Amino acid sequence: MTILILEWSNPLNKSCAIHFSCVSQLFIFCSVMLHLSQDVEALRGELCRKDEECREQERRLAALEQQVQERTGVIVQLQQQLEEAAQRRQELQLLRDGEETLSRQAALPLQVKYVTKTVEVESAQSKQALIEAQAHNQALQEQLSVQRQLLRELEQQLHESQRSSSQLRQQILVYEGEMERAQGQLEAEMQSLEEEKNRVIEEAFIRAESEMKAVHENLAGVRMNLLTLQPALRTLTCDYNCLKRQVQDFPYMLEKAITEAKQEICQVIGEVSSANQELLRKYKREMNLRKKCHNELVRLKGNIRVLCRVRPVCAGETDAADTKNKVTFDPDDDAVLYLSNKGKLMTFELDKVFPTQATQEEVFQEVQSLVTSCIDGFNVCIFAYGQTGSGKTYTMEGVPEDPGINQRALRLLFSAVSEKKPDWDYKITVSMVEIYNETLRNLLGDNPNEKLDIKMCPDGSGQLYVPGLTEFTVESVEDINKVFDLGHMNRATACTNLNEHSSRSHALLIVTVAGFNSSTGHRTSGKLNLVDLAGSERITKSGAEGSRLREAQCINKSLSALGDVINALRSKHSHVPFRNSRLTYLLQDSLSGDSKTLMMVQVSPLESNVSESVCSLKFAQRVRSVEIGPSSSSRRQAESSSTSSSPTHDGVELDSPPVTPVPLPISRASSASSALSSTSKTPTTRRRSHSQLSTDRQVDRSSPLVGDGGQDERS
Ligand code: ADP
Ligand code: MG
């Protein structure tokens, strides 16, 4: 092994390098030893295995020997049997000899016959002898047959024993062959095992020898390095002493450095905090400016804005005969809408018109600045107005896969307040209320049939509150959905037919956004009222009686009151008739002061709904065109509308057309000369060039309207 030692400038480093090389050599030596011991271990294992195999073979040999002994015993038995058989054979031979003798005797009958005759004639003694001889002959014959029988049996036995002895001999031969084969195999195996054992031992020995040699060489190298290391160790000790001295001085140096750093940090902190103060001041100024700008933007758009949304013709409606689309739009002006009524084309101008294909998102984009102004502490009202089936609920609530303003507003509030963290901490609470027949129902309470009251705060602030109204704090979309579900459930349980009922009542979602700035201690509170109004359609006198008549009266009353209030607010009347309906009374805080209101007028495009569409659009236009700036006449009119009933609304105008909640249509010509506030200036001036094309259109639109076929209608 070679160790490369670079030229070190520092003796300490040099000695370190030498030390390092020795250590690495030692390390290599150890690893070689380890490797060797592993090899020896492996060899030992192999040897043990081989021994085991030998023992196994020996065991098998012993078993085979035992078998051989057993078989030898069998052979001995068989030999004994063979001897017995041979003995029997001799006996048989003897018997055969006897038989032959007998047969030879039998071959002499003629002599006997001859003698017999002679004896027969000659004497009784001979006869007796003959009889005896015959009896003897008979006995001999019987004996002969018995002997023959015996002979046959013995012959059979002999055959059998010969056969079995030949079989046994064959078996013996087979066993002997097997034994010889097994013995040969065993010997061959023993031989190969012996050879293998010798070879393995030889190999291990050779390897161990070479490895030992290498280890010896390494050891010699290590020894050499150790010798060179000693001077390095000496320099190391010297360096260590030097370092020790330096370390002793270190606390003093450290303390000095810390003091200097502390001074610098304090200085920097001072600078940063003054910069921070400056930034905070600027931030506050910017925030105020942003709030003002936002407010100004909303104000420029008008504190009371009137938009219109035309719903598309639904799938089920396309077949009917009266379902021609009666509404058209101006491709150059998104604030104008044309309605074809009895062959005449009526023109309506609002702040913005959403055509049938407008998406929920596009509609929401138009209202989102109002929603966010809530965070700055403004009160906001968004109303959906229109006849039943014109799409009010679709615009406010939407459908689960495409939610409307209600859910989108809450989502926007969540994201807007989270952006303002951590300086601002906001709490968003929601309530749901229904106004049916001028009674207030708490839709999130335990008992939806319980009626609520509106009361003045006892603290003398002039604020209103609803005792017992349930409020839920919401922090996520899941919370909103839970609240909406509860509201819907409670609304449904309180009536028999929800669809019909919902078109006869106002549904309010009241969102309160309360903020607290922990760094400035500043607090804000804004309220967002999202109102799905009852259907604005007129009911004929003949078709309404009893409860239906009362419902119609209540709806008419509240919608008229809403129109009156908006009118009075836009006209800046000193008296605003909030108390004329539960709806306006409940929303008093959110309609007055610097609150913002948006009226979304929903229109159906169907021919069968044209007259209701005309009424809704006239209402919208009248709300929008109300003149700003209190004039004595308008104030008088407003006052009269609040004290006495408005001639067109407060009494149920059942048969008379149309629902005209705002009784103050003042001509635009006069509005141009009066002091226009910026709330209405923008939309008017924006379209002046367009409207100047037809002066009569302007005059028509702003002239007082009394009925369905008012002066708005154009051919
Ligand atoms: P309202 O609440 O005014 O009685 P709805 O919101 O219930 O009316 O709408 C009546 C039907 O028209 C519903 O089936 C609704 O899904 C459908 N609809 C309303 N507006 C739209 C729209 N913009 N796009 C698609 N379908 C609409
Ligand atoms: Mg509805």
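Residues numbered from 1 in each chain as written. Chains lettered and ligands numbered in written order. Predicted model: local features only at pLDDT ≥ 70, side-chain atom pairs only at ≥ 80, totals over all residues. Heavy atoms only, no water.

Per an unreviewed UniProt entry, the protein goes by the name Kinesin-like protein and belongs to Cyprinus carpio. UniProt, in the comment section headed Function (unreviewed entry), describes the protein in these words: "Minus-end microtubule-dependent motor protein. Involved in apically targeted transport. Required for zonula adherens maintenance." (UniProt positions renumbered as here; feature names shortened; annotations may be inferred.)

Engineer: Would you mind going over the overall build of the protein with me for this structure?
Structural biologist: Within the protein, the secondary structure is distributed over 17 helices and 18 strands. Looking at the protein as a whole, 39% of its 715 residues qualify as buried. Contacts spanning at least 24 positions in sequence make up 74% of the contacts within the protein whose residues lie at least 6 apart. When the accessible surface of the protein is summed, it comes to about 40,700 Å², and 55% of that surface belongs to carbon and sulfur atoms. (Helix = DSSP H or I, 4+ residues; strand = E, 2+ residues; numbered from the N terminus. Buried < 20%, exposed > 50% of the residue type's maximum accessible area, 1.4 Å probe, protein only. Contact = heavy atoms within 4.5 Å. Areas by Shrake-Rupley, 256 points an atom, 1.4 Å probe, with all protein chains shown as cover.)

Engineer: Can you help me understand the side chain of E551 in this one?
Structural biologist: Looking at the element boundaries, E551 is found in helix α9 (residues 547-570). Residue class for E551 comes out buried when judged on its relative accessible area of 10%. Setting aside anything within four residues of it in sequence, one finds E551 in contact with Y436, N437 and R504.

Engineer: Which parts of the structure should I look at to understand the site of ligand 1?
Structural biologist: Every residue near ligand 1 is listed here: R309, R311, P312, C314, Q387, T388, G389, S390, G391, K392, T393 and Y394. In this structure, a nitrogen atom belonging to ligand 1 sits 3.4 Å away from a side-chain N or O atom of R309. Taken by itself ligand 1 offers 560 Å² of open surface, and the protein chains cover 69% of this. Among the elements that line the shell around ligand 1, the one with the most residues is helix α5 (residues 392-396), at three residues. Taken together, the residues of the shell around ligand 1 sort by class into three nonpolar, six polar and three charged. (Near = heavy atom within 4 Å. Polar contact = N/O pair within 3.5 Å; in protein donor to acceptor, adjacent residues only side chain to side chain. Nonpolar A, V, L, I, M, F, W, Y, C, P; charged D, E, K, R; others polar.)

Engineer: I'm lost on the packing of aromatic side chains in this one. Help?
Structural biologist: Centre distance and the angle of the planes are the two values used to describe a pair of aromatic rings. Throughout the structure, instances matching the rule amount to two aromatic pairs. With a centroid separation of 5.6 Å and 20° between ring planes, the pair formed by W424 and Y426 is classed as stacked. Of the two residues examined, W424 and Y426, each falls in the buried class. Residue placement shows R71 over the ring face of Y175; its charged tip is 3.0 Å from the ring centre. Directly above the ring of F378 sits K596, whose terminal nitrogen or CZ lies 4.1 Å from the centroid. (Phe/Tyr/Trp six-rings, centres within 6.5 Å; stacked < 30°, edge-to-face > 60°. Lys NZ or Arg CZ within 6 Å of the ring centre and 35° of its normal.)

Engineer: Just checking my understanding: could you explain the environment of P448 for this structure?
Structural biologist: Within the secondary structure layout, P448 lies in the loop between β10 (439-442) and β11 (451-452). Not counting residues within four places of it along the chain, the set of residues in contact with P448 comprises R441, N442, N490 and T493.

Engineer: Would you mind showing me how to read helix α7 (residues 477-493) here?
Structural biologist: Between its first and last C-alpha atoms α7 spans 24 Å; for 17 residues at 1.5 Å apiece the expected length is 24 Å, and the two agree. The set of residues buried in α7 consists of I480, V483, F484, G487, N490 and R491. Taken end-on, α7 shows its buried residues confined to a sector of 130°, consistent with a single buried face. For α7, the exposed residues lying more than 90 degrees away from the buried face are E478, K482, D485 and T493. (Expected span 1.5 Å × (residues − 1). Arc of directions from axis to C-beta.)

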